[in-house]
Amino acid sequence: SSLIQELYDLECVLVQDRQAWKNQLKLMAMTVIDKANVPETIQAKLRSYQEDGLHWLRTMHIWGTGGILADDMGLGKTLQVITLLETTRAIRQGPVLIVLPTSLLFNWQREFDKFAPHFQIYQYYGAKRANVFKKLVEKIGDYKKQHLESNSMKFNHSIELDLFSSKTTFGSDIYLTSYQVMQ
């Protein structure tokens, strides 16, 4: 049995919905590590350990769980995440938010520019963020007004937000911001 199953059996894992957890364990047991190929759109050749990290991240994605890559600096974790984002691009709905230390914002931008220049990146930080946030709030307000259900006056969340569809600040694929901005 897996370590996760053993921890669960020993009641070391706090689970509010036992059936959902059992279903998740079944999914995890049935899943073979996803050995997806590196897309041709990624302008890099991943090393074998980077491919292993990518496969592990893709498996976490399939399971619907999170994961952390932790190793020494300079071993290509950013490239692995960029590659993961590219491999999930076709099935992902909406943009991705990446929150990281301010000191790494420009590094991530350079990595996207180098390895996946087709991504539309927007860095949300500094003084410009107040104006962008104001425009975003206005767009969301306009969108809600246009899509209110006439009979119940509730916002219909099933309608896909189109404010992210244009190739503007709001049409970016990836939003980079810092921990400080998110606080």
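Residue positions are counted from 1 within each chain, in the order its sequence is given. Reporting of local features is limited, given that this is a predicted model, to residues whose pLDDT is at least 70; pairs of side-chain atoms are given and counted only at 80 or more, and all residues count toward the totals for whole chains, interfaces and linings. The basis for every side-chain value is the complete set of non-hydrogen atoms in the structure, without hydrogens or water.

*Asks:* Outline the overall build of the chain, listing residues and values.
*Replies:* Numbering goes from the N terminus for both helices and strands, where a helix is a DSSP run of H or I of at least four residues and a strand is a run of E of at least two. Per the secondary structure count, the chain includes 7 helices and 3 strands. The helix and strand sequence of the chain, counted from the amino end, reads α-α-α-α-β-α-β-α-β-α. Relative accessibility under 20% of the residue-type maximum defines a buried residue, over 50% an exposed one, and the middle range a partly exposed one, all with a 1.4 Å probe and only protein chains included. Out of the 183 residues in the chain, the part that is buried amounts to 33%. A contact between two residues is defined here by any heavy atoms of the two lying within 4.5 Å. Summarising the internal contacts of the chain: among those between residues at least 6 apart in sequence, 64% fall at separations of at least 24.

*Asks:* Talk me through the packing of helix α3 (residues 48-63) against helix α4 (residues 77-87); I want residue IDs and the actual numbers.
*Replies:* Here α3 crosses α4 at 50 degrees, and the two axes come no closer than 9 Å. Relative to α4, the element α3 is oriented oblique. As α3 packs across α4, the resulting crossing turns out to be right-handed. Across the interface between the two elements, Tyr49, Gln50, Gly53, Leu54, Leu57 and Arg58 from α3 touch Leu79, Gln80, Val81, Thr83, Leu84 and Thr87 from α4. Residue classes in the contact of α3 with α4 are distributed as 6 nonpolar, 5 polar and 1 charged. The angle between two axes is taken between their N-to-C directions and runs from 0 to 180 degrees, where each axis is a line fitted to C-alpha atoms and a helix contributes only its stretch in contact. Oblique is the label for every angle not falling under 35 degrees (roughly parallel), over 145 degrees (roughly antiparallel), or within 65 to 115 degrees (roughly perpendicular). By definition, any crossing whose near helix is turned counterclockwise from its far helix by less than a right angle is left-handed, and any crossing with a clockwise turn is right-handed. Here the nonpolar group is Ala, Val, Leu, Ile, Met, Phe, Trp, Tyr, Cys and Pro; Asp, Glu, Lys and Arg are the charged ones; every other residue, Gly included, is treated as polar.

*Asks:* I'd love a proper account of the packing of aromatic side chains, names of residues and values included.
*Replies:* Two rings belonging to Phe, Tyr or Trp (six-membered ring only in the last case) form a pair when the distance between their centres is within 6.5 Å. Interplanar angles under 30 degrees mark stacking, angles over 60 mark edge-to-face geometry, and anything in between is tilted. Scanning all chains against the criterion turns up 4 aromatic pairs. Measuring from ring centre to ring centre gives 5.6 Å for Phe112 and Phe119, while their planes differ by 85 degrees; the resulting arrangement is edge-to-face. Both residues of the pair, Phe112 and Phe119, belong to the buried class. Clustering of aromatic rings is evident, with ring pairs tying together Trp108, Phe112 and Phe119. The rule for a charge over a ring is simple: NZ of Lys or CZ of Arg within 6 Å of the ring centre, and within 35 degrees of the ring normal. The residue whose ring lies beneath Arg89 is Phe119, and the NZ or CZ to ring-centre distance is 4.5 Å.

*Asks:* An account of the pairing of strand β2 (residues 121-124) is requested, with residue identities and associated values reported.
*Replies:* Here β2 shows two buried faces, one formed by Ile121 and Gln123 and the other by Tyr122 and Tyr124. Across 4 bridges, the pairing between β2 and strand β3 (residues 174-178) is parallel. The residue of β3 that forms the bridge with Tyr122 is Tyr175. Strands qualify as paired when DSSP identifies two bridges or more between them.

*Asks:* Give me the lowdown on the side chain of Thr59, citing residues and values where you can.
*Replies:* Structurally, the position occupied by Thr59 is in helix α3. We classify Thr59 as buried; its relative accessible area is 2%. From its side chain, Thr59 meets the backbone oxygen of His55 in a polar contact 2.9 Å long. By the criterion applied in these results, polar contacts are pairs of N or O atoms within 3.5 Å in which, for protein atoms, one can donate a hydrogen and the other can accept it, and in which residues neighboring in sequence qualify only through two side-chain atoms.

*Asks:* Run through the sheet that holds β2, naming residues and quoting values.
*Replies:* Strand order in the open sheet formed by 3 strands is β1-β3-β2, and the pairing between neighbours is parallel. Looking at the sheet topology across the chains shown, the edges are occupied by β1 (96-100) and β2. Averaged over all pairs of adjacent strands, the angle between their axes in this sheet comes to 20 degrees, without regard to strand direction. Note: β1 against β3, 5 bridges, orientation parallel. Of the residues in β3, the one forming a bridge with Val99 is Thr177.

*Asks:* Before we move on, can you summarise the nonpolar core with the specific residues and values?
*Replies:* Taken as a class, soluble globular proteins show a tendency for nonpolar side chains to be buried jointly. Counting residues in hydrophobic clusters, the biggest one holds 20 residues, and the most contacted among them are Leu85, Ile98, Phe112, Phe119, Ile174 and Leu176. Contacts of Ile174, omitting those with residues within four sequence positions, involve Leu85, Val96, Ile98, Phe112, Phe119, Gln120, Ile121 and Tyr122. As used in this record, nonpolar core signifies buried Ala, Val, Leu, Ile, Met, Phe, Trp, Tyr and Cys residues forming a set joined through side-chain atoms within 4.5 Å.

*Asks:* Give a description of the environment of Ser103 that names residues and reports values.
*Replies:* Here Ser103 lies in the loop between β1 and α5 (105-115). Residue classification places Ser103 among the exposed residues on the basis of a relative accessible area of 66%. Considering only alpha carbons, one finds Ser103 and Ser178, 75 residues apart in sequence, at a separation of 8.6 Å.

*Asks:* Describe the pattern of salt bridges, naming the residues involved and giving the relevant values.
*Replies:* Any carboxyl oxygen of Asp or Glu within 4 Å of a side-chain nitrogen of Lys or Arg constitutes a salt bridge here. Counted according to the given criterion, the structure contains 4 salt bridges. Note that Glu86 is salt-bridged to Arg89, the shortest N-O span being 3.6 Å. The shortest N-O distance in the salt bridge between Asp173 and Arg89 comes to 3.1 Å. Remark: Arg89 occurs in the loop between α4 and β1 and Asp173 occurs in the loop between α6 (128-146) and β3; sequence separation between them is 84 residues. The partly exposed category is assigned to Arg89, whose relative accessible area is 29%. A cluster of three or more residues bridged by salt bridges with shared partners is formed by Glu86, Arg89 and Asp173.

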